[in-house]
Amino acid sequence: MPADAASAFPLPGPVTALREIAFQLERAGAPTYRVRAFRRAAQVVSDLPAGELERRLVDGSLRALAGIGEVTAEVVTQAAAGQEPDYLTRLLQEQGGPLPASAMRAALRGDCHTHSDWSDGGSPPGEMAEAAIALGHEWMALTDHSPRLTVANGLSPERLEAQLALVDRLNSEFAPFRILTGIEVDILDDGSLDQREDLLARLDVVVASVHSKLRMPAGPMTARMVTAVRNPHVDVLGHCTGRLLGGRRGGRPESEFDPEAAFGACREHGVAVEINCRPERRDPPGRLLSLAAEAGCLFSIDTDAHAPGQLDWLENGCVRAERHAITPDRVINTRPADQVTQARQ
Ligand SMILES: [Zn+2]
Ligand SMILES: [Zn+2]
């Protein structure tokens, strides 16, 4: 295709439109499977050899492509004609536009807790990074699950090493934006961590979370959490109560533990208490967030995004932090990447 033909026909239009629809659906909380058709279609269109999209638009054979259905074909056709697709217009109207950002949101530079399709997220690391860049982030920690969480396709040491190599390549592509290497590592029953020590030592951000035996009695649960927090590799204590509020998984009560002991250990060891922004988590609950704030803890306002659109959930946590008079200097993701990657304070 000659260069002037490429500029006369803006190929990124349809791909961008499909991704924008997926982003808006995810941001509104749609389950990943509902969004998949749009992300898949974006990939199909972006992989087409030069000239093929134009040819198919002319001869009406878009839908003969695997991965392009009635809805996505209409989006592609309208976007290729330089229009905003009707589907996107409707979606943007329903959402009512972005919320006014809080002062805390404006202070955030990144996100310490995100997942990709390497574990149980819906999109590849590169697409997560592109969405983070579009949101104005300077960095994003990629924290896929650890091996024991088989339901979430947790990363074996070998897969984690392969992911580190990928992040290296993506970082040269996306600079100055940076993907920080990381993990959401399971806190095992005895407080030890579910990944090889030498690998944890190599990672920029380690979020440690309880995902199993959530009903353990308070005594052993407290010991388990404190042991994890004392581990020198841990930077963030993820969703500390494990509660789930309604939603697809039907709700789950808070785990029981001694919050003074757990948050005291976080403060002592410089581990940030996560303020998890997922609408079904909102963890820790208000009374515990209050306690952690009074205890003098650091915090990390994290989306725990499993899809690109969910990266825009930070405001949920910012509002809660401000309500508890937590100031930006106590929130680690207001810091530039090179400060976040330094050994914890
Ligand atoms: Zn988790
Ligand atoms: Zn997570």
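Anything mentioned here points back to the structure above.
Residues numbered from 1 in each chain as written. Chains lettered and ligands numbered in written order. Predicted model: local features only at pLDDT ≥ 70, side-chain atom pairs only at ≥ 80, totals over all residues. Heavy atoms only, no water.

What follows is about the overall build of the protein chain. Secondary structure summary: the protein chain contains 15 helices and seven strands in total. Its C-alpha atoms give the protein chain a radius of gyration of 21 Å, near enough to 20 Å, the size a compact globule of 345 residues would have. Its C-alpha atoms give the protein chain principal-axis dimensions of roughly 70 × 40 × 35 Å. When the 345 residues of the protein chain are sorted by exposure, 54% land in the buried category. (Helix = DSSP H or I, 4+ residues; strand = E, 2+ residues; numbered from the N terminus. Rg over C-alpha atoms; globule rule 2.2 N^0.38 Å. Buried < 20%, exposed > 50% of the residue type's maximum accessible area, 1.4 Å probe, protein only.)

Further remarks concern the pairing of strand β1 (residues 110-114). With respect to burial, β1 is a largely interior element, five of its five residues being buried. Relative to strand β2 (residues 139-142), β1 runs parallel, the two sharing three bridges. From the neighbouring strand, G110 faces β2, where its bridge partner is W139. (Pairing = 2+ DSSP bridges.)

Turning our attention to the sheet that holds strand β7 (residues 299-302). Reading across the sheet, the seven strands line up as β1-β2-β3-β4-β5-β6-β7 and stay open at both edges, with parallel pairing between neighbours. Both outer strands of the open sheet, β1 and β7, are each paired with one neighbouring strand and no more. For β2 and strand β3 (residues 178-186), the ladder comprises four bridges, and the chain directions are parallel. From the neighbouring strand, L142 faces β3, where its bridge partner is T181.

To continue, consider the pairing of β2. By the alternation rule, side chains of β2 split into W139 and A141 and M140 and L142, which are all buried. Each parallel crossover has a hand, and the one from β1 via helix α8 (residues 125-134) to β2 is right-handed. (Right-handed = clockwise from strand over helix to strand, strands pointing away.)

Another aspect to go through is the coordination of the zinc ion (ligand 1). Coordination sphere of the zinc ion (ligand 1), protein contribution only: E184 (OE), H211 (NE2) and H239 (NE2), at 2.1 Å. Each donor residue of the zinc ion (ligand 1) belongs to the same chain, with the gaps between them written as E-x26-H-x27-H. A spacing of 3.5 Å is found between the zinc ion (ligand 1) and the zinc ion (ligand 2), which share E184 as a donor. Of this pair, H211 sits in the loop between β4 (205-209) and α11 (218-230) while H239 sits in the loop between β5 (236-237) and α12 (259-269), and the two are 28 residues apart along the sequence. Residues H211 and H239 agree in their burial class; the two are buried. (Donors = N, O, S within 2.8 Å, 3.2 Å for Na, K, Ca; no water.)

The subject of this paragraph is the nonpolar core. I179, L193, M225, L237, F299, I301 and I326 are the most contacted members of the largest nonpolar core, which totals 63 residues. When residues in this core are grouped by element, the largest group, six residues, is from helix α9 (residues 157-174). Counting 24 residues, the second largest nonpolar core, distinct from the first, contains L25, V35, V45 and L65. (Core = buried A, V, L, I, M, F, W, Y, C linked by side-chain atoms within 4.5 Å.)

Buried within helix α4 (residues 52-59) we find E52, L53, E54 and R56. Count one or two residues on from α4 and you reach G60, which has phi positive near 70 degrees.

Okay, the coordination of the zinc ion (ligand 2) next. Only H113 (NE2), H115 (NE2), E184 (OE) and D304 (OD) from the protein coordinate the zinc ion (ligand 2), and they sit 2.1 to 2.2 Å from it. Note that the zinc ion (ligand 2) binds four donor atoms; their angles at the metal cover 83 to 172 degrees, and the shape is irregular. Spacing between the donor residues of the zinc ion (ligand 2) along the chain follows H-x1-H-x68-E-x119-D. (Tetrahedral: all angles 85-135°; square planar, octahedral: opposite > 155°, others 65-115°.)

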